[in-house]
Amino acid sequence: MTTDPARPFGRVLTAMITPLAEDGSIDLAGAQQLAAHLVDRGGSDGLVVFGTTGESPTISDAEQHAVLEAVLDAVGDRATVLAGVGTNDTAHSIEKARSAERLGVDGLLVVTPYYNNPPQAGLLRHFTSIADSTDLPVMLYDIPPRSVVPIEVETLVRAAEHPRIVAVKDAKADMGAIAWTLARTDLAYYSGEDMLTLPILALGGVGVVSVVSHVVGPRLAEMIAAVESGDLVTARSINQSLLPVYTGIFRTQGVILTKAALNELGLPAGPVRPPLVDATPEQIAQLRTDLAAGGVQL
């Protein structure tokens, strides 16, 4: 749990995969085991449950409720747990937000509505309506590669006026926009793209919502600590050592190769759900090579 208002959800938050059994059903015991591993040995002080990496589009509301409950039971006393509740339907997102609040999560991740292609006024109304619906702090998720629509700086400035919109997970990769938003708001910025964590930290970011933290969380925590202490030489060295890991995990959809890595390590993961497909033997062989170059042995 974090009490630092400058980084309201912690430093290293893992965008947790959703463990599945071989038949594709939810593995609740596996979710608890993985959550405990990530928090107790994996360097994570927070978990984001049902972001993109959690395969949220193909997991029902009832299943999401069950997994959130299980994860909170496993680590809710010693880590920040955020629920991904954003959809492209404002009313449905509010329903999910209220359900997550009743379970006892620490915050909400709200992605830009996808497919609808809303104007900026629609984004602002969507975000503030969800923030109005609970008493929980909100992290916005800005990811134009999936949502098409970016959250413009002026929209972020307006959104930041809401007392419960406190953070952004940035996967927009627009460093100028990040710098301007940090200059004009008190929003806490979290990198949402592992390869860009170091430059976002250098601009004033406070942490990362990471996929690669499934396998290198402690090293990400070291990199963030180095930046905070002003030791950019060490931070750059750690970042360079992690480049093969970033590249390896994201040669295809991050969840596919993250699950492959966890399965190889004997941790709960299982298959992905369609329309995603599991890693091929050739992809797993390449992943072994990539991760080994980054200091991770599968």
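Because the structure is a prediction, the values reported are computed rather than measured.

Colleague: I keep staring at the UniProt feature "site: Part of a proton relay during catalysis" (unreviewed entry) in the chain and nothing clicks. Help me out?
Modeller: Mapped onto the present numbering, the UniProt feature "site: Part of a proton relay during catalysis" (unreviewed entry) falls on Thr52 and Tyr115. Residue position: Thr52 is located in the loop between β2 (46-49) and α2 (61-75). On the basis of relative accessible area, Thr52 is assigned to the partly exposed category, the value being 28%. If we skip the residues at most four places from it in the chain, Thr52 touches Tyr141 and Arg146. Tracing the backbone shows Tyr115 in the loop between β4 (107-111) and α4 (120-133). On the basis of relative accessibility, which here comes to 76%, the residue Tyr115 falls in the exposed class. Here Tyr115 is in contact with Asn88 and Ser147, once residues within four sequence places are set aside.

Colleague: Quick question: what am I supposed to make of the pattern of salt bridges here?
Modeller: Opposite charge on two side chains allows them to pair when their charged atoms are near. Applying the stated rule across the entire model yields twelve salt bridges. A salt bridge links Lys259 to Glu55; the shortest N-O distance between them is 2.7 Å. Here Lys259, found in helix α11 (residues 254-265), pairs with Glu55, found in the loop between β2 and α2; they are 204 residues apart in sequence, far enough to count as distant. Using a relative accessible area of 1% as the deciding quantity, one classes Lys259 as buried. A salt bridge links Arg78 to Asp77, with the shortest nitrogen-to-oxygen separation between them at 3.1 Å.

Colleague: Hey, could you run me through the sheet that holds β2 in this one?
Modeller: Strand pairs in the sheet, formed through backbone hydrogen bonds, run parallel or antiparallel to each other. Taken in spatial order, the eight strands close into a barrel running β1-β2-β3-β4-β5-β6-β7-β8, and their pairing is parallel. Neighbouring strand axes in the sheet, compared pairwise and without regard to direction, differ in orientation by 25 degrees on average. Sheet topology note: the strand β1 (residues 12-16)/β2 ladder contains four bridges and is parallel. Its bridge partner being in β2, Thr14 is matched across the sheet by Leu47. The strands touched by helix α1 (residues 28-40) are β1 and β2; relative to β1, the strand with the most contacts, the crossing angle is about 160 degrees.

Colleague: What's the story with the nonpolar core in this structure? I'm lost.
Modeller: Nonpolar side chains tend toward joint burial in soluble globular proteins. Leu47, Val71, Val75, Leu108, Met139, Tyr190 and Val245 are the most contacted members of the largest nonpolar core, which totals 99 residues. The element best represented in this core is helix α9 (residues 213-228), accounting for seven residues.

Colleague: Would you take a moment to explain the packing of aromatic side chains for this structure?
Modeller: What describes a pair of aromatic rings is the distance from one ring centre to the other and the angle between the planes of the rings. If you walk through the whole model with that rule in mind, you get one aromatic pair. Judged by centre distance (6.4 Å) and plane angle (45 degrees), the rings of Phe9 and Tyr190 are tilted. With Phe9 in the segment before β1 and Tyr190 in strand β7 (residues 188-191), this pair connects stretches of sequence that are 181 residues apart. Residue class for Phe9 comes out buried when judged on its relative accessible area of 1%. The exposure class assigned to Tyr190 is buried, which follows from its relative accessible area of 0%. In this structure, Lys169 is placed above the aromatic ring of Tyr141, and the distance from its NZ or CZ to the ring centre is 4.0 Å.

Colleague: Sorry, what's going on with unusual backbone geometry here?
Modeller: Among all residues except glycine, the phi angle is most often negative; among peptide bonds, the trans geometry is most common. Here the bond from Pro274 into Pro275 is cis, since omega is 15 degrees, no more than 30 degrees from zero. Inspection of the secondary structure assignment puts Pro275 in the loop between α11 and α12 (281-293). Even without being glycine, Phe50 reaches a positive phi, approximately 70 degrees. The topology assignment puts Phe50 in the loop between β2 and α2. On the basis of relative accessibility, which here comes to 3%, the residue Phe50 falls in the buried class. Residue Val148 is not a glycine yet carries a positive backbone phi of 75 degrees. Relative to the helices and strands, Val148 is located in the loop between α5 (144-147) and α6 (153-159).

Thresholds applied
Residues numbered from 1 in each chain as written. Predicted model: local features only at pLDDT ≥ 70, side-chain atom pairs only at ≥ 80, totals over all residues. Heavy atoms only, no water. UniProt positions renumbered as here; feature names shortened; annotations may be inferred. Helix = DSSP H or I, 4+ residues; strand = E, 2+ residues; numbered from the N terminus. Buried < 20%, exposed > 50% of the residue type's maximum accessible area, 1.4 Å probe, protein only. Contact = heavy atoms within 4.5 Å. Salt bridge = Lys/Arg side-chain N within 4 Å of Asp/Glu carboxyl O. Pairing = 2+ DSSP bridges. Axes fitted to C-alpha atoms, helices over the stretch in contact; angles between N-to-C directions. Core = buried A, V, L, I, M, F, W, Y, C linked by side-chain atoms within 4.5 Å. Phe/Tyr/Trp six-rings, centres within 6.5 Å; stacked < 30°, edge-to-face > 60°. Lys NZ or Arg CZ within 6 Å of the ring centre and 35° of its normal.

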